[in-house]
Amino acid sequence: LLQVGRSTESPIDFVVTDTISGSQNNDETQITQSTISRFACRIVCDRSPPYTARIFAAGFDSSKNIFLGEKAAKWKNPDGHMDGLTTNGVLVMHPKGGFTEESRPGVWREISVCGDVYTLRETRSAQQRGKLVENETNVLQDGSLIDLCGATLLWRTADGLFHTPTQKHIEALRQEINAARPQCPVGLNTLAFPSINRKDVVEEKQPWAYLSCGHVHGYHNWGHRSDTEANERECPMCRTVGPYVPLWLGCEAGFYVDAGPPTHAFTPCGHVCSEKSAKYWSQIPLPHGTHAFHAACPFCATQLSGEHNCVKLIFQGPID
């Protein structure tokens, strides 16, 4: 039994805090009041093959009782058993086709305290529960997403991770793209992705890209189109106007659905990964607020925008 929640009490195995979009975790962006339940959910795993894992809403507190808030929806089932939902709900989505390059988004459902599957409530904290979905179960699959209203967790199985690119593979891809010596088409200086342990510092050779067209450059300070939109620039290659940002190689291997080369960038954050991984995450609707959904970058949680939420990068090789 593994328990997940905001509480730091001993029954909680994984303490989860609110995800801040863009990973801007400073004093100005601290969450004033978390929407994640103190005892959000529990996952029960079989000890014998195939090691089936099942998810249930809420968790056991230090007195070994299920902990639910006062405002949480509760009811008695026809068989006499009590059931309920956490205040803001535990939502689960199983991707169609597992977590592979052929995967497609599934349907978001809500899980009850007893592990039953329901359609979503009208809003996250509505008292009226959704409709029981009898032909679906609470069994987690490779790639299942668990949303706790403030943080979304990705469930990966051991077998799924066995087929996932490793950290060493991502580092090899970084070295391979740097070895090709991509150049800025204007300044003609050689560009290079920084090492993964330098992922928060913009370096001199860092590649930048115009996210409306995908042309990769080195940093320059021209092309501003207006005083109000400081990041709206005109690409000197094709005159397309759009965001101009530094590129970062996505370094969390568990988010990749394949081992392809880093060719696509999410917009507007500039995180780079394989084409199939970028297209997979760009079409996944993640819960946002009380009833909205939007796609987000898996590496920094920034809400995606643009025509396709991601763009194919256009590198220029060395002229010599």
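Labelled according to an unreviewed UniProt entry, the protein chain appears under the name E3 ubiquitin-protein ligase pellino 2, originating from Chlamydotis macqueenii. If you open the UniProt record of the protein chain and go to Sequence similarities (unreviewed entry), you find "Belongs to the pellino family."

Asker: Could you clarify how one ought to interpret the overall build of the protein chain in this entry?
Answerer: Counting secondary structure elements, the protein chain contains three helices and 23 strands. Considering only C-alpha atoms, the protein chain reaches an extent of 75 × 45 × 35 Å along its principal axes. Taking all 320 residues of the protein chain together, 47% fall into the buried category. Considering only intrachain contacts with a sequence separation of at least 6, the fraction spanning at least 24 residues in the protein chain is 56%. Total accessible area on the protein chain stands at roughly 16,900 Å², and carbon and sulfur atoms take up 51% of it. Across the protein chain, the 29 positively charged side chains and the 34 negatively charged ones have centroids separated by 2 Å.

Asker: How should I be thinking about the sheet that holds strand S10 (residues 109-111) in this particular structure?
Answerer: Taking strand neighbours across the sheet as the criterion, the five strands line up as S11-S10-S9-S12-S13 in an open arrangement whose pairing is antiparallel. Every other strand in the sheet has two partners, leaving strand S11 (117-118) and strand S13 (152-154) as the edge strands with one partner each. Pairing of strand S12 (residues 145-147) with S13 involves three bridges; the strand directions are antiparallel. Pairing of Ile146 across the sheet is with Leu153, part of S13.

Asker: Honestly, the environment of Thr190 in this entry has me stumped. Any pointers?
Answerer: Of note, Thr190 is situated in the loop between helix H2 (167-179) and strand S14 (208-210). C-alpha separation for the pair Thr190 and Gln316, spaced 126 residues apart in sequence, amounts to 9.8 Å. Ignoring sequence-local partners within four residues, the contact set of Thr190 consists of Arg181, Pro182, Gln183 and Lys205.

Asker: What exactly am I supposed to notice about the side chain of Asn178 here?
Answerer: For Asn178, the position within the fold is in helix H2. For Asn178, a relative accessible area of 17% corresponds to the buried category. At a separation of 2.8 Å, a polar atom in the side chain of Asn178 contacts the main-chain amide nitrogen of Phe193. Sequence-distant contacts of Asn178, that is, excluding residues within four places in its chain, are made with Leu191, Ala192 and Phe193.

Asker: Quick question: what am I supposed to make of the packing of aromatic side chains here?
Answerer: The geometry of two aromatic rings is summed up by the distance between their centres and the angle between their planes. Counting across every chain of the model gives 13 aromatic pairs. Plain terms: the ring middles of Phe39 and Phe67 are 5.1 Å apart, the flat faces sit at 40 degrees to each other, and that makes the pair tilted. In this pair, Phe39 sits in the loop between strand S2 (14-15) and strand S3 (41-45) while Phe67 sits in strand S6 (residues 66-67), placing the two residues 28 residues apart along the sequence. Of the residues examined, Phe39 reaches a relative accessible area of 2% and is grouped as buried. With a relative accessible area of 25%, Phe67 lands in the partly exposed category.

Rules of the game
- Residues numbered from 1 in each chain as written.
- Predicted model: local features only at pLDDT ≥ 70, side-chain atom pairs only at ≥ 80, totals over all residues.
- Heavy atoms only, no water.
- UniProt positions renumbered as here; feature names shortened; annotations may be inferred.
- Helix = DSSP H or I, 4+ residues; strand = E, 2+ residues; numbered from the N terminus.
- Buried < 20%, exposed > 50% of the residue type's maximum accessible area, 1.4 Å probe, protein only.
- Contact = heavy atoms within 4.5 Å.
- Areas by Shrake-Rupley, 256 points an atom, 1.4 Å probe, with all protein chains shown as cover.
- Lys, Arg positive; Asp, Glu negative; His and termini not counted.
- Charge placed at Lys NZ, Arg CZ, Asp CG, Glu CD.
- Pairing = 2+ DSSP bridges.
- Polar contact = N/O pair within 3.5 Å; in protein donor to acceptor, adjacent residues only side chain to side chain.
- Phe/Tyr/Trp six-rings, centres within 6.5 Å; stacked < 30°, edge-to-face > 60°.

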